[in-house]
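Structure at a glance
Next come the chains, spelled out residue by residue.
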Amino acid sequence: SLEDILSKCTAVTVEQALVIGILVCRALHYAHTQTITIYGKTYKGIVHRDLKPANIMINKSGRIKLTDFGIARPGSVSLHTMDMGSVVGTLPYLAPEQLENGELTGSVDVYALGATLYEFITGERAFPQQDIPQLLNAKSRGSFKPLDSSTVPQAVIDIINRSLSVSVEKRYATALAFGNDMERALLKLSGADGFKHLEKLIMRVWNS
């Protein structure tokens, strides 16, 4: 898992984070656009709800998989309706609206991936607070340590900041749009061969 990789490497390069983010966005886009029927009612999209480094897997060939849809739910339904008002998921990665029993859309997965990419690049959680009230307060205000523009390109900073917006309206509307912006940023940084960056990460992890 990417959690295991972070425990070994502390952080990954910006390019490696972008490649991983692009591939996870493709998985999210697929899930978010599926039509499913539950008890005779049709829903558009499946929302993961618990995206985090532990739920992103990579193998030696560079294949990325998004796993653990155990608490996934149909899109555009009330969290209160689905979970009887309880907060479900891993707090540091949850979107603010998940903490308030707001409407469940794919935007919560966009937010979680933004928090995950932040951690990939910095080696630290965007919201590291151990005290729950402090964590909730920081999330409600969108208060996290800014990314360092001397080591992270401004275009990438802007992408991650947008994905972590407290306001759903200011966040990426879809995982596809999120991934497209990351693809453009990667192309400007190092060209189109994203696999070479994953290959370096694989060699670093499995040879260490």
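Above this note sits the structure.
The following paragraphs examine the structure supplied in this document. (Residues numbered from 1 in each chain as written. Predicted model: local features only at pLDDT ≥ 70, side-chain atom pairs only at ≥ 80, totals over all residues. Heavy atoms only, no water.)

**Quick look at the pairing of strand β2 (residues 41-44)**
Stated formally: At least two bridges found by DSSP between two strands is the condition for calling them paired. Under the scheme used here, helices are H or I runs from DSSP no shorter than 4 residues and strands are E runs no shorter than 2 residues, and both carry numbers assigned from the N terminus.
In the sheet, strand β1 (residues 35-38) pairs with β2 via 4 bridges, with the strands oriented antiparallel. Across the sheet, residue Thr 37 finds its bridge partner in β2, namely Thr 42. A loop of 2 residues connects β1 with β2, the two strands running antiparallel in sequence, and Tyr 39 in this loop sits at a positive phi of about 50 degrees.

**Concerning the side chain of Arg 171**
Where we set the bar: Buried means the residue's accessible area, taken with a 1.4 Å probe over protein chains only, is under 20% of the maximum for its type, while exposed means over 50%, and partly exposed covers the values in between. Contact between two residues is taken to exist if any of their heavy atoms lie within 4.5 Å; hydrogens are not considered.
The residue Arg 171 is located in the loop between α6 (154-163) and α7 (175-190) in this model. Its relative accessible area of 2% is what places Arg 171 among the buried residues. Ignoring sequence-local partners within four residues, the contact set of Arg 171 consists of Ala 95, Pro 96, Glu 97, Ser 107, Val 108, Val 110, Tyr 111, Arg 162, Ser 163, Ser 165 and Val 166.

**Let's talk about the side chain of Thr 116**
Mapping Thr 116 onto the fold places it in helix α4 (residues 107-122). Not counting the four nearest positions on each side in its chain, Thr 116 is found in contact with Leu 51, Lys 52, Pro 53, Ile 56 and Tyr 93.

**Some details on helix α5 (residues 132-141)**
We apply this condition: Directions are taken from the helix axis to each C-beta atom, and the arc is the one they span. Polar contacts here mean pairs of N or O atoms no more than 3.5 Å apart (in protein, one a potential hydrogen donor and the other a potential acceptor; neighbouring residues in sequence count only if both atoms are side-chain atoms).
Among all positions of α5, only Leu 135, Ala 138 and Lys 139 are buried. Seen from one end, α5 has its buried residues packed into an arc of 100 degrees, which puts them on one side. Exposed side chains of α5 directed beyond 90 degrees from the buried face belong to Pro 133 and Arg 141. On its buried face, α5 sits against α4. For α5, the N-terminal cap is Asp 131; the gap from its side-chain oxygen to the backbone nitrogen of Gln 134 is 3.0 Å. Downstream of α5 by a residue or two, Gly 142 has a phi angle that is positive, lying close to 65 degrees.

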